[in-house]
Amino acid sequence: MVDLHFSILLVFFIIFPLVFFLFKNSKSPTNTPTSYPILGSIFTIWKNKERRIQWISDILTSTPNLTFTLRRPFGYHQIFTADAANVEHMLKSHFHNYPKGHVFRNTLSDFLGDGIFNADGSNWMFQRQVSSHQFNTRSLRKFVETVVDAELSDRLIPMLENAAGNDVVVDLQDALQRFAFDNLCRIAFGYDPSEENFAHVFDRALRLISERFNSNIPMVWKLKRALCFGKEKELNIRAGEVRRFAKNIIREKKRIGSCESEDLLSRFLNTGHSDEDFVTDVVISFIVAGRDTTSAALTWFFWLIFNHEEAETEILREITESSEEHVYDEVKNMVYTHASLCETMRLYPPVPVSTKSAANDDVLPDGTVVRKGTRISYHPYAMGRVEKVWGGDWADFRPGRWLEWEETAKKWSFVGRDPYTYPVFQAGPRSCLGKDMSFLQMKRVATAVLRRFKVVPVDKSMEPVYVSDFTAKMKGGFPVKIVERVT
């Protein structure tokens, strides 16, 4: 509340008088928010603060070229686009002109440091090259057949079994986040976590750094950081706690030795990097990547499956026809489940917006002029709602849009979309290294849970609210009852 009052006082007692002096409406296209001198579109931005992702999406999908410029205070502009050609231009053909950029890195450095999600140039390339060895076929098979299955049989399934037997409510979103975090720690760091409080601390730090990143008047957070005041003070404390947790993982790995290990952390330590702060940045970036993205997708998947009985029936048929003996091969070949997950992430992408910065002046394929230093964001959430791409039924959950029937083989085959139309896993040189691992994990969890249980929302008519910090969540969690299937 103190932070809100501080921002309001700054605007209305310092800036607002200037607006009356210079007042003149800027001409705006029909669907874009009205912009004023100095203040830009701050009033409309504040009005839509609680539904920022949906608001930007509504503007983009009603704009003819799927691109618009949002004018923030003090002449600061940000371009948003949902046009696949523009996305390909940014992520592939003109990749080097669209790095994260100085403003992006400086804003997030107190939490992400120089980790791969906040890195450009040679630092990014080094981390990507080292990390890529973790995602070969042998590592993926080991991940599914040892780590994921162990976490399922030892933790998630017994927890759901207990919930079903005692008729208790489970926050499935929270349970899936914990499951994904445990998986990540074991495969990436060779570490079995036990600190229950870490999840809360991490969530809070992520929320605070996200609020800073989305700040409409950056000078406010910079001033509060300099004074160690309000939410910036709390961010400093929370980020410090996260870094101490990450450093404990690193020190434990060094104590037991990393030479014989094949986890991601060992690979970085074995490169000879002695800078503990840098390796800490690496650890935090991979926690961000692996903890919230798959759990977010699975949370929405289970809600959608409950509401679409025909999809659940088809997935159960696929599960029944599969074998539990050759887990890796069976999970990999479950095309209807795969299509259902893709459809889930079309409607509710784990990362709804991704932002770059223009290194030099440029012109996008749709004719939008981009000035050097401009922040430009492509919007997967909006891109999944473009009618001319997905059809008039874009709002419907329909896994069949990803499938094609093979008459000769008498089975479904998966038909993907190009990564620039469906950039849920990014695309181009920065495409997600963990895409295959994520799908294998999600499909194994989905099949293991649905084989044994029916997931029933406590409020069967609930319309969950999609919210996002860096990654998306279901606002307020996903309270469910777990019901054992009758065999």
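Quick summary incoming for the structure in this document.

What counts, and at which threshold
Residues numbered from 1 in each chain as written. Predicted model: local features only at pLDDT ≥ 70, side-chain atom pairs only at ≥ 80, totals over all residues. Heavy atoms only, no water. Core = buried A, V, L, I, M, F, W, Y, C linked by side-chain atoms within 4.5 Å. Buried < 20%, exposed > 50% of the residue type's maximum accessible area, 1.4 Å probe, protein only. Helix = DSSP H or I, 4+ residues; strand = E, 2+ residues; numbered from the N terminus. Contact = heavy atoms within 4.5 Å. Pairing = 2+ DSSP bridges. Axes fitted to C-alpha atoms, helices over the stretch in contact; angles between N-to-C directions. Parallel < 35°, antiparallel > 145°, perpendicular 65-115°, else oblique. Left-handed = near helix turned anticlockwise from the far one by under 90°. Nonpolar A, V, L, I, M, F, W, Y, C, P; charged D, E, K, R; others polar. Phe/Tyr/Trp six-rings, centres within 6.5 Å; stacked < 30°, edge-to-face > 60°. Lys NZ or Arg CZ within 6 Å of the ring centre and 35° of its normal.

Remarks on the nonpolar core
Now for step 1: Counting 107 residues, the largest nonpolar core has Phe 111, Phe 189 and Phe 302 as the members making the most contacts within it.
Now for step 2: With 16 residues, the single largest contributor to this core is helix H13 (residues 276–307).
Now for step 3: With residues up to four places along the chain from it excluded, the contact list for Phe 302 reads Leu 172, Leu 176, Ala 446, Val 449, Leu 450, Val 455 and Phe 478.
Now for step 4: Ranked by size, the runner-up nonpolar core spans 25 residues in total, among them Trp 55, Ile 56, Leu 91 and Leu 364.

Some details on the sheet that holds strand E10 (residues 453–457)
Now for step 1: In space, the three strands of this open sheet follow the order E3-E13-E10, with antiparallel pairing throughout. A strand with exactly one partner marks an edge of an open sheet, and here the two such strands are strand E3 (170–171) and E10.
Now for step 2: Two strands pair when backbone bridges link them, and E3 and strand E13 (residues 479–484) are joined in this way by two bridges, in the antiparallel orientation. Among the inter-strand pairings, Asp 171 is bridged to a residue of E13, identified as Pro 479.

Some points on the pairing of strand E1 (residues 67–71)
Now for step 1: Bridge count between E1 and strand E2 (residues 77–81): five bridges; the pairing is antiparallel. Pairing of Leu 70 across the sheet is with Gln 78, part of E2.
Now for step 2: Between E1 and E2, which pair antiparallel and follow one another directly, the connecting turn spans five residues, one of which, Phe 74, has a positive phi of 65°.

Quick look at unusual backbone geometry
Now for step 1: Although it is not a glycine, Leu 66 sits at a positive phi angle of roughly 60°.
Now for step 2: In this fold, Leu 66 is placed in the loop between helix H3 (52–61) and E1.
Now for step 3: Even without being glycine, Phe 74 reaches a positive phi, approximately 65°.
Now for step 4: Tracing the chain through its elements places Phe 74 in the loop between E1 and E2.

Focus: the packing of helix H16 (residues 335–347) against helix H19 (residues 435–452)
Now for step 1: Interhelical geometry of H16 versus H19 gives an angle of 110° and a closest axis separation of 10 Å. Between H16 and H19, the crossing angle belongs to the class labelled roughly perpendicular. Every pair of crossing elements has a handedness; the one defined by H16 and H19 is right-handed. Where H16 approaches H19, its residues Thr 337, His 338, Leu 341, Cys 342 and Met 345 are matched on the opposing element by Phe 439, Met 442, Lys 443 and Ala 446.
Now for step 2: Considered class by class, the residues forming the contact of H16 with H19 number six nonpolar, two polar and one charged.

Quick word on the packing of aromatic side chains
Now for step 1: Within this structure, the stated rule accounts for 21 aromatic pairs.
Now for step 2: Between the aromatic rings of Phe 111 and Phe 202, the centroid separation amounts to 5.7 Å while the plane-to-plane angle is 55°, which identifies the pairing as tilted. On the criterion of sequence distance, the pair formed by Phe 111 in helix H5 (residues 102–112) and Phe 202 in helix H9 (residues 197–213) is long-range, its members being 91 residues apart.
Now for step 3: By relative accessible area, which is 0% here, Phe 202 ends up buried.
Now for step 4: Of the aromatic side chains, those joined through ring pairs into one cluster are Trp 300, Trp 303, Tyr 348, Tyr 381 and Tyr 466.
Now for step 5: Taking the ring centre of Trp 390 as reference, the NZ or CZ of Arg 346 above it sits at 5.3 Å.
Now for step 6: Note that Arg 385 overlies the ring of Tyr 381, its terminal NZ or CZ placed 3.6 Å from the centroid.

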